[in-house]
Structures are given as C-alpha cells and as structure tokens.
Amino acid sequence: MRAIHAFLQRLAGTFQKNKEHSFAEELDGHVQMHTDDNIRRGMNAEEARRNAVMKLGGIEQTKEMYHDRKSLPLLEVFIQDVRYGLRMLRKNPGFTAVAVLSLALGIGANTTIFTVVNATLLNALPVRDLPRLVQLDTVDSKTLVTQARAVKLGMSYPNFQDYRRDNQAFTDLAAVFPTLLTWSGGAEPRQVQAELVSANYFDVLGLRPAQGRFFMPDEDTKPSGNDVAVLSYSFWTNKLGSDPSIIGKQLIFDARPYTVIGVAPRGFKGTLTFLSSEQVWVPSSMADQILGGKEKEFFKDRRALMVIAFGRLKPGIAAEAAEASLKTMATHLEAEFPKDNSGRSVALSPMADAALGVNDHQRFTLAGGVMMGVVGLVLLIACVNLANLLLAQGARRQKEITLRAALGANRGRIVRQMMTESLLLSLAGGAAGLAIAYAGRSILWAFRPPFIDQTGIDLSLDSRVLLFTLGVSILTGIIFGLVPAVKASRPDLMETLKSGGRGGTMGWKRDPLRSMLVIGEMALALIALVGAGLFLRSMQNAQKIDLGFESRNLLVMSFDLGALHYEEGRGQQFYRAAIERAKNSPGVASASVASNAPMGGGFARTVFPEGRDEASGYRGTLTTVNDITPEYFDTMRIPLVRGRAFNDSDRKETAVVAIASEAMIKQYWPNENGLGKRFHFFGDPTLREIVGVAANSVVGEVGEDPQPIVFLPMTQDYVPAATLHLRTTGRPESAAGTMRAAFQSLDPNLAITNVFSIEQILAQALWAPRAGGVLLGLFGALALLLSAVGVYGVLSYSVNQQTREIGLRMALGAQRGDVMRLILGQGLRLTVVGLGLGVLVALATMRVLVSLLFAVRAYDPWTYAAVTMLLTSVALLACYIPARRAMRVDPMVALRYD
Amino acid sequence: MDVWQGTLALMILKTLEALGPLHGYGIARRIEQTSGDVLAVNYGTLYPALLKLEQEGHISSEWGQSDNNRKAKYYKLTRAGRRFLGREERDWEQTTAILARFLAPGKEPA
C-alpha cells in the first residue's frame, strides 16, 4: 500500500520541477544552521561553512540523491531518450518518412491479412469450451469416391441415434441437417437458411438463449406440437426489427406456422462458418413436414449420410480414446446392419476445423498461412530497409557518437538511445499501418468469395488484431534496431576521428552487414514474387479450363416446390409450364430444369453395374445424380457423344433409362461404348439402361478430374427442388426480370433464389485463384518496390563513402565509363547473389502451394525466369542512379574535400 | 545500503516521536548524538530518507522558522507513522532477541 503510494508520488515527481527549487532552499537553510552552530563553537566563518558542507557530503551530491528519490530515474531517462530521438527524426525528415512509410506498408499488410485470418480461422465458433467439441463423420472403406478430398462424409440419422444412445465417451451427441425454408413473412417470399437439429443441439454447444428458450428434449420425439423455431440473433435484428415481443409469435415457413420460442445468442450462427448469419433452427421431428423428394425419403435411412453429427467429450476423455471407442461401436453396427454399414467406420475432427468444412479446412488454413507468409515477407523486406537506413544513419552520426563516447557516455546508454529511435520509428510505422489496415479491409472485403456474402463475418479490428500490430511493431523496432545500434555504438575511435568516417577499402568488403541485408532483401523479394507469379499463372490456367458446357450467356434460377407442398403431378406440370414460358420469353434460346445447379455438386448415390451388387463385396462408386428435363443438354450445350438424349417418350411407365458421362463409362465399362449397359443404385434393385453418353462436364470444382455423372429423366426420378437453366441470346441478366414475372404468375408464393449468371457462378468457383493472384501480385509488387528502394539506398550510400577512391581512380586515368561499370558491377554482384539464394529457397518451399494451384508446377520455369529478369532489371535501374552520380565525381573536388 | 536505509528511517521516526516536529539538520544532529557519535553519518543521506518517509505517508512537512530565524522545513510524525513505528519497534525487539540467543548458545533461555 505504502509502496504504491510512494510510487505514484515518484511518478508525479518525474513531471514536476518545483520541488527542486524548494529543496534547494531547504538545503540552504540546513547549511546555514550548521554554519551558525560551528561559528558558535569557535570556527571562523569560512571554516564553519566548509565544515558544514563537508559534513553534509556535498551540496550537489545531496541534490542528486534527492532528485533520484523524488522522481523515477528510469522513466526520466526514457523520456529524455524519446525527446532526443524525436528531435533526431525531425532533423532527417526524408529518412524518417521513408522508414515510417515502408514499415507502415509492411505492418499494414500484415494487420489486414491477420484481420481476415482472425475472423475466419481463429474466432471459429462462439460456443462454450470449443476444444471439447468434436464432429463425427463416417469414413467408408468400401465405396470409391472420385473426388480426392471427400473423405469425411457426414452420418446417417439412425446410426447417429445409436451412437448417441450407446456411447460412453460423450456427455451427449447432437445432429444437424442444413436446409432451406421459404419464409413468407416479408414483402416477398424468400428462402432462409435453416437447420433441422436434435433437441439437445444448443445444450451440447453450451449456449444460453438471448430471448425465450431452446428446445425441450421431447420436442424431438413427441408425435406432434413440434412446430417451434429458434431464430438467430441476426435474423431477429435484421429481418424482424428486434421485435421485443417476438417470443410466442408465429412465423410462416414452408406454408406452415411455427411458434418462435427463442432467439440464439448474439454472434452465434450455427456450426458452419460459411453459412448465412440469418438462420432458423427447428427440431428434427419436423423432417417429414419440411423435407421433400429424396431428402425426405432418405432422411431416416441408415445408409444415407444425411446429417452432421457432433458431440461434447466427457471431461477427462481424450479425442483419440473417444474415436477408438466409437470405432469399436462402428464394427458392431457393421455386424448388426451388414447391408447398410458395410465398410463404414467413424472418424472425429475438432469442431473448430469442421466449421470451415470438414474436408476443406486444411486448404483454408493453408491459404491463410500462405497469405500471412507473403505479407510477412513484405514486412521483413521493409524491416531490412529500416535496418539499412539505421545503419546508414549510425554511420553518418559516427562523429557525434564518438564524441559522446569519448566524453564518458557508456555504451549501454548510447545503444539504448538509438534503440529508442528505432522503436519510435516502428511504433509510428505501426500506427500508420493500422490506418492502412483499416482502409485495406474494405479493399480486401471486395475480394471476398461470393459465398461469404451474407455470412456476417466480422472483420473488425478487435483487440487481438491491435495487440498483434503492437507486438509486431515493437518486435520490429527492437530486433532491427538492435544490430545497427550496437554497431554504431562501437566505433573505431581513431579511424573515425581521423578520416571523418569516409576512408577505407572499396566495395562491399567494407560493409559486409549492409551487403548481406541487401542480398537478403533480394532473396525475399524473389520468393514473394515467385509465389505471386505462380498464383497469377494458376489464375490464368483456371480461366482457360474447359468446363464441358458453354459458359457464357447462361442464367440459372433455383426454387423449391416442396416448400409449397406440391405433389409430384403438379410439380411436373409446373416444370413444363416454366420451361414453356421461358422458351417464349424474348432473348431466351433454350430452357430446361435440372436438380443440380451448374458446378453446385448434387445428391450422390453409389452405383453398381449390372451383375454386381453390395453383397458381393464389390466397391461401388459414389456418383453424382442429376435429374433433368429433355432440353438439358441443348440448353447447356453439352455434346452428346453417343446415343440419344431423353425425350417425351421417357415417362414413368416406360423403360427406366439413364445417360452417363464419359467418365462413368470409362470407369465401369472401359473400352466399350456403353450404350445398352445397365446399372442400379445401392438399395434399389431397379436396373437402369444407358441410352446416351454425354461429354464430361464439371460437377463441383473447376479443374477436378472428370467425374462420373448419372443423368436421369425428371419424369422418372422427380425432385421438388430444382434449378431452371436459361440459354440466352444476349446478356443473361436481361432475361431474369421476365422470368421472375413468369414465376410470379405461375405461383406468387414461390421463392426464387440463387439467380446467377454463369459468370457469377464462375467468379465464385474461381475466387481462390483469382483473389490469390491479385492479392499476391499486389504484395509482390510491394516487395519489389521496397527492395528496389533498399538496393538504391545501399548503393547510393556506398557511392558516397567511396567518393575519395573514385576520385583517386579518375585522377589516375579511369574513364567515366569505367567508374559506371565499377559501381554497377558492385550492385549487380549483390543482386545476383541475392537472387540465387532466393531461387534456392523458393524451390525448396513452393511445393507447399501445390494444392492451391491449378495445373501449375511448383518449379514452373517460366515463372522463375520472368521473376528473375524482372528483379534484375529493377535492381539495375536502382543501381543506375547512384552509378551515374559516381560517374560525375570531380576528382579534384573529391580528393581535396574531406 | 538497504538495511542501513531501513534503520535510518527508524531512527528518524523515533527521533521525531521523542522530540516532536524538527527540521532536517536537527534530526541529523540528534541521531549522531544518540548513537554516541559512532555512526558518523553523511548528513546528506538523511534527505532522501526523509523524502521516502514523506512519500510513504509516515511523516508530513511544513515550512517554519528555526531558532536563529532561518527558513527551515519541519517534519512531524503522522498517525500512520506512529503506528508503523510501533510495529517496527516490536519487530526489531523480536529480531534482536532471537539473534541474542543464537549468538550466545550456552546460555539457558530466561
């Protein structure tokens, strides 16, 4: 207590001056009184006073001791250093500006990227005790999967129920089924993101409602009265105006009234990062009412992997142990249900990873890492520039420092003072960088992938980001200020005072440290630019990939007849009517309806060719199924390689037919033409005959291997949720309005969603290489600029230092051209070494990027060559100016002038 | 140095308790006298000690006039200072008692 009080007094004392004056008076009085006493004892006046002062221990010394106690000496010294540093920086505005700007760019770029990384990767899910939550996925050792990354596949609802009932490792398990509901409350019907969840969903996540309550355990199981809903906070605020009396009100979803029982806490939007923040949760017992078509049919099927399951580990149980116990349970389930569960087991993933997509999160993490790596390189280059600048400054101030050292300043003090300067620079750079990051976020946001649009990912500069920036700034100042400071504080006294610091040997031997820094800069710039170049090439390649269909003048619109409870007959009629209206609209050349939107993946089933089935142990392949109307191949301009398209004679009563993609034929009947072959789906004995073979087209991802696809006639395999495809003669967007009106007239209650032109869909599919290319190109350019500045600075300084030698050489007969060559040679030597080093490091590290690139090898020679040439020419340019200056040295002036 | 500062602080407080409000010079003389001129202390070291005690709130200061009409700052004990002094006195007595027993082992405790 006392200590704190005393400390505060001393803190105040650091900034006050008046106490000194008062103490001087007190000391004066003390000496007077002592002198008086001495005189009384018989000394003469002079002796008396001298004795008094001696007894005191000296007036100045006492004043100093007092001063040290009155204030906080450390703080005082620090303030002194700061003041001095500021003065020094003000005296060299050019130097200060360049240093602060470079740092601002480097730190700003880092903060910007970190903001995004923080928002998506680090701040995953606002639930209780996230590390104890894991997602359960099925892994299937018997079914072949053609998409490389589809390893973890969700879970079937009946299996989930069994795991939940019998497991020992979890406090509880919950299940989620994301779907879309049509909400008819606003101005027009719209689709909202919804999730069918087990009643314990919120409890497992450990959340408390912001309003109302969450589900009761029996709302999942009892036969009726389960039409209740929980709203997300964003939904409640954005769409319902934060209605304070929302609890108990009814909202219409899919033409059915649901009672709102609660609102989820602010900031929670389910367990998937990339879904919209406006969501509705309903109990899974409503599945029959909400789902339609195949989803409804397969929801309770033990084989169909419909739901996402997750759970909270019991305290003290590790994830590995839990996984092992679940795998044991899986073998029991396999034995109990050999047909459905054959070859299936369970794998766990941390919920934080699964939030980004259980098979995709590694790519996101990698992408985030690459970004941070590149901006880290940019910052490093800026820091190297800073170090170089500080070294140059230190050299320039040699005389001043030497003088201070000669007068008795100890080395530590000098180092500390210089480090204060570099800290000031880096903190200023950090503050400016923060401002850049603030602006940069908006730019970065413009590059976001379209599917992030309404997810409400929060890119605020929260405390973690600010702390990051502060930390980076301070570390920069300390690390990159230390070496120059130490070097400057240890001058070669005799040398400096004699020759004014400008003599010595020529070339880079005199200053190995600065030369090494430039070499390092060049290497770093090369690495950054090679990374950028690879991504730009990848972007180019991605745009050129053949998608298998004509990717211009195509418009799609999605809708869900199941939301309005159309039964099949009415649905088929609706499709025909919609296609008719579309064909008659101006600007529409062709129209069709399909279950799958372009590049949107789709429902997949395991395919067995005729003669094989699940019992024989044959590994069927998970194949995407697309239900289409006959006009489909025409609309999409996908060529039919063999056989025929569907037509009106393919109906429910006629032979069951299918069209297969070339990849599928190749897979099951290699070297045969495929027509007439038959196959069946898992669990469905119906044999379907292939009547046509279509050219390969993209299913889910640009650049994927050719995928097997089964096309079925919509008349034989009806689904209620589908997408209308329009081949337009002009711009796709212009047909949208007419079509919307057409839908309105067909059924005003139908919500139309995902109205996209194919360009927009491609933008979404290609966002990664595009954004990556642009951003990395930007950062690469930044790296280039900064290293050019660095090279220029070092060489310029070097020329200054070598003025005398140059003058000497010229006086001895060297031509201007020789001098220019000499200087250029010095610069080029550094550049070449730096680039060589960079190439070696790049070759070693670029491999990491391969999974993010399209058809570009990590050793792509064109990229390396182009970057090397670019850097060399820029470096040459940067060397040219100082070289010209060297050329112009007047030997008379140089030799005379010290 | 720290131990010395501690005892110096105590001596100052004790002096003020005994003599009432006093200026720095007077305290210095009194300490020298009381310790039997064994501690030939630099009077200057008193002032930082006085400042510390004032910062910690054990003493307070006030300008006044000395006997020969010299301007001088007078220090006096605060209530907190009095309490602190009492505690420290007890601690010191305990310490010296324990030490005494250690340094004269043969003797029976009284």
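Above: the structure in question.
Let me sum up the structure you'll find in this document. (Residues numbered from 1 in each chain as written. Chains lettered and ligands numbered in written order. Predicted model: local features only at pLDDT ≥ 70, side-chain atom pairs only at ≥ 80, totals over all residues. Heavy atoms only, no water.)

## Considerations on the overall build of chain A
Rules: Put simply, DSSP H or I for four residues or longer makes a helix, DSSP E for two residues or longer makes a strand, and each gets a number counted from the N terminus. Note on exposure labels: buried denotes an accessible area under 20% of the residue type's maximum, exposed denotes more than 50%, and partly exposed covers the range between, all computed with a 1.4 Å probe on protein chains only. Only heavy atoms enter the contact rule, under which two residues are in contact if any of them lie within 4.5 Å. Residue-level accessible areas treat just the shown protein chains as cover; the underlying method is Shrake-Rupley with a 1.4 Å probe. In this tally, Asp and Glu contribute negative charge and Lys and Arg positive charge; neither His nor the terminal groups of the chain are included. We put the charge of a Lys on NZ, of an Arg on CZ, of an Asp on CG and of a Glu on CD.
When you go through chain A residue by residue, the secondary structure sums to 30 helices and 22 strands. When its C-alpha atoms are laid out on the principal axes, chain A stretches across 130 × 80 × 55 Å. Of all 898 residues assigned to chain A, the portion counted as buried reaches 51%. For chain A, the proportion of contacts with a sequence separation of at least 24, taken over those separated by at least 6, is 81%. Just so you have it, chain A exposes about 39,900 Å², and 59% of that area is on carbon and sulfur atoms. The centroid of the 94 positive side-chain charges in chain A is displaced by 10 Å from the centroid of its 80 negative side-chain charges.

## Description of the overall build of chain B
What chain B contains, in helices and strands, is four helices and three strands. Each helix and strand of chain B, placed in order from N terminus to C terminus, yields the pattern α-β-α-α-β-β-α. For chain B, buried positions account for 40% of its 110 residues. Restricting the contact set of chain B to residue pairs at least 6 apart, pairs at least 24 apart contribute 44%. Counting every atom, chain B has about 6,600 Å² of accessible surface; 54% of that belongs to carbon and sulfur.

## A word on the nonpolar core
All names here are of chain A. For the record, the criterion: In this description, a nonpolar core means a group of buried Ala, Val, Leu, Ile, Met, Phe, Trp, Tyr and Cys residues linked to one another through side-chain atoms lying within 4.5 Å.
Membership of the largest hydrophobic core comes to 61 residues, with the highest contact counts inside it found for F779, I823, M846 and L871. Looking at this core, the elements with two or more residues in it are α6 (93-122), α15 (361-396), α20 (512-544), α26 (767-801), α27 (803-811), α28 (816-845) and α29 (861-887). Tallying contributions element by element places α20 first for this core, with 13 residues. Core analysis: the second largest hydrophobic core is formed by 48 residues, V134, Y233, L251 and F299 among them.

## A word on the side chain of D220 of chain A
Rule in force here: Take a side-chain nitrogen of Lys or Arg and a carboxyl oxygen of Asp or Glu: if they are within 4 Å of each other, that pair is a salt bridge.
Relative to the helices and strands, D220 of chain A resides in the loop between β5 (211-212) and β6 (228-231). With no salt bridge to any partner, buried D220 of chain A finds its closest opposite charge in R164 of chain A, at an N-O distance of 4.4 Å.

## A closer look at a positive patch on the surface
To keep things clear, this is the line we draw: Grouping into patches uses exposed residues only, defined as over 30% relative accessible area, and leaves out salt-bridged ones; the cut-off is 9 Å for like charges and 5 Å for nonpolar side chains (Val, Leu, Ile, Met, Phe, Trp, Tyr).
Together, R79, R83, R87 and R90 of chain B line one region of the surface with positive charge. Mapped onto the fold, R83 of chain B is located in helix α4 (residues 79-103).

## A look at the packing of helix α5 (residues 73-91) of chain A against helix α17 (residues 411-446) of chain A
All names here are of chain A. Applicable threshold: Here an angle of 0 to 180 degrees is reported between the N-to-C directions of two axes, which are lines fitted to C-alpha atoms, with helices fitted over the stretch in contact. Working definition: roughly parallel below 35 degrees, roughly antiparallel above 145 degrees, roughly perpendicular at 65 to 115 degrees, and oblique for all remaining angles. For a crossing to be left-handed, the near helix must be turned anticlockwise from the far one by less than a right angle; the clockwise case is right-handed. Any residue that is not Ala, Val, Leu, Ile, Met, Phe, Trp, Tyr, Cys, Pro, Asp, Glu, Lys or Arg is counted as polar, Gly included; the first ten are nonpolar and the last four charged.
In the contact formed by α5 and α17, the axes pass within 9 Å of each other and the chain directions differ by 60°. By the angle between their directions, the pair α5 and α17 is classed as oblique. Pair α5 / α17 crosses with right-handed handedness. The segment α5 lies against α17, with V77, F78, Q80, D81, V82, Y84, G85, L86, M88 and L89 engaging R413, R416, Q417, T420, E421, L424 and L425. Taken together, the residues of the contact of α5 with α17 break down into nine nonpolar, four polar and four charged.

## Side note on the side chain of N541 of chain A
Inspection of the secondary structure assignment puts N541 of chain A in helix α20. Those residues in contact with N541 of chain A that sit more than four places away from it in its chain are F854, A855 and V856 of chain A.

## Side note on the interface of chain B and chain A
Many descriptions give the size of an interface as the accessible area lost when the pieces come together. Condition: Summed over both partners, the accessible surface that disappears when two parts come together, traced with a 1.4 Å probe, is what is meant by buried area.
Contact residues are listed per partner, giving 26 residues for chain B and 28 residues for chain A. Between chain B and chain A, roughly 2,500 Å² of surface is buried when both sides are summed, and carbon and sulfur atoms account for 55% of that area. Per-residue buried area on chain B facing chain A is highest for Y25, Y47 and Q55 of chain B; these three make up 28% of the total on that side. Inspection of the chain B/chain A interface yields three salt bridges.

## What about unusual backbone geometry?
All names here are of chain A. Of note, the phi angle at M599 is positive, near 55°, even though the residue is not glycine. Relative to the helices and strands, M599 is located in the loop between β13 (588-594) and β14 (604-609). Given a relative accessible area of 10%, M599 falls into the buried group. The phi angle at N671 is positive, at roughly 65°, despite the residue not being glycine. For N671, the position within the fold is in the loop between α23 (662-668) and β18 (678-681).

## Points about the pattern of salt bridges
All names here are of chain A. In this structure the tally under the stated criterion is 30 salt bridges over all chains. Between K677 and E672 there is a salt bridge, with the nearest N and O atoms lying 3.0 Å from each other. By relative accessible area, which is 25% here, K677 ends up partly exposed. When its relative accessible area of 40% is taken as the criterion, E672 is described as partly exposed. In this structure, R731 and E733 form a salt bridge, with 3.4 Å as the shortest nitrogen-oxygen distance. Given the relative accessible area of 58%, R731 is considered exposed. A single network of salt bridges, built from pairs that share partners, joins D162, R165, D166 and R302.

## Looking at the pairing of strand β4 (residues 190-197) of chain A
All names here are of chain A. Condition: Criterion used throughout: strands pair if DSSP finds at least two bridges between them.
Across the eight residues that make up β4, a large majority, seven, are buried. Alignment of strand β3 (residues 170-183) against β4, held across eight bridges, turns out to be antiparallel. Within β4, the residue paired with T179 across the bridge is A194. Linking β3 back to β4 in an antiparallel pair, the connection comprises six residues.

## Observations concerning the packing of aromatic side chains
Residues and elements named next belong to chain A. To be explicit about the condition: The pairing test for Phe, Tyr and Trp rings, Trp by its six-membered ring, is centres within 6.5 Å, and the orientation test on the planes gives stacked under 30 degrees, edge-to-face over 60, and tilted for anything in between. The criterion for a charge sitting over a ring is simple: Lys NZ or Arg CZ within 6 Å of the ring centre, and within 35 degrees of the ring normal.
Evaluated as defined, the whole model comprises 32 aromatic pairs over all chains. Both rings, one in F679 and one in F681, keep their centres 5.6 Å apart while their planes meet at 70°; by these two values the pair is edge-to-face. Each of the two residues, F679 as well as F681, counts as buried. Ring pairs connect the aromatic residues Y201, F202, F214, F215, F268, W281 and F310, which therefore count as one cluster. Between the NZ or CZ atom of R303 and the centre of the ring of F682, over which it lies, the distance is 3.8 Å. Note that R570 overlies the ring of Y566, its terminal NZ or CZ placed 3.8 Å from the centroid.

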